[in-house]
Amino acid sequence: MNLARVKLGDSIEIDHYAGVPEVGSGGLEIEFFEVATEARGKGVGTLVIQLFARRHPDRRLLAYSSRADAFWASLGWSSFKPPDYDPDHEDPSTLFIAPPRWQASPDGLS
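Residues numbered from 1 in each chain as written. Predicted model: local features only at pLDDT ≥ 70, side-chain atom pairs only at ≥ 80, totals over all residues. Heavy atoms only, no water.

Let's shift gears to the overall build of the protein. For the protein, the count of helices and strands is 3 helices and 5 strands. In sequence order, the secondary structure elements of the protein are arranged as β-β-α-β-α-β-β-α. Split into buried and exposed, the 110 residues of the protein put 35% on the buried side. In the protein, the share of contacts with a sequence separation of at least 24, taken over all contacts with a separation of at least 6, comes to 67%. Surface accessibility of the protein: about 6,800 Å² in total, with carbon and sulfur atoms responsible for 50%. (Helix = DSSP H or I, 4+ residues; strand = E, 2+ residues; numbered from the N terminus. Buried < 20%, exposed > 50% of the residue type's maximum accessible area, 1.4 Å probe, protein only. Contact = heavy atoms within 4.5 Å. Areas by Shrake-Rupley, 256 points an atom, 1.4 Å probe, with all protein chains shown as cover.)

Once that is clear, we can look at the side chain of Thr94. In this fold, Thr94 is placed in strand β5 (residues 94-97). Side-chain polar atoms of Thr94 contact the side chain of Asp69, separated by 3.0 Å. At 2.7 Å, the side chain of Thr94 forms a polar contact with the side chain of Lys81. Dropping the residues within four chain positions of it, Thr94 is found in contact with Ala63, Tyr64, Ser65, Asp69, Ser79, Phe80 and Lys81. (Polar contact = N/O pair within 3.5 Å; in protein donor to acceptor, adjacent residues only side chain to side chain.)

Summarising the element assignment, Leu61 is placed in strand β3 (residues 60-65). For Leu61, a relative accessible area of 4% gives the class buried. The spacing of Leu61 and Ile97 is 36 residues in sequence and 6.1 Å in space, taken between C-alpha atoms. Those residues in contact with Leu61 that lie beyond four places of it in its chain are Leu28, Ile49, Phe52, Ala53, Trp77, Phe96, Ile97 and Ala98.

In structure tokens, the structure reads:
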């Protein structure tokens, strides 16, 4: 049984988001992330993202969120809205970027 699926990509276009930090070629985008319904809310998603951060310690992880802002925010990642964001209309994807500390210690431990 697969508990989670992840698709990674190197095609990162975040310049149109205001105030984003420079990630350059060190960025690694999580293009798709899904946790099986029966495994949600049990820490599986957090563990999977932590394992990816450990596997890619020289990369800064980022993800576009579609209806999962609470999850990415719970990891302590910074969120960014595009400059044309209008809360009265369809919500565009929020960009989440892992803090630099995640590169060295994704679980917050030194």
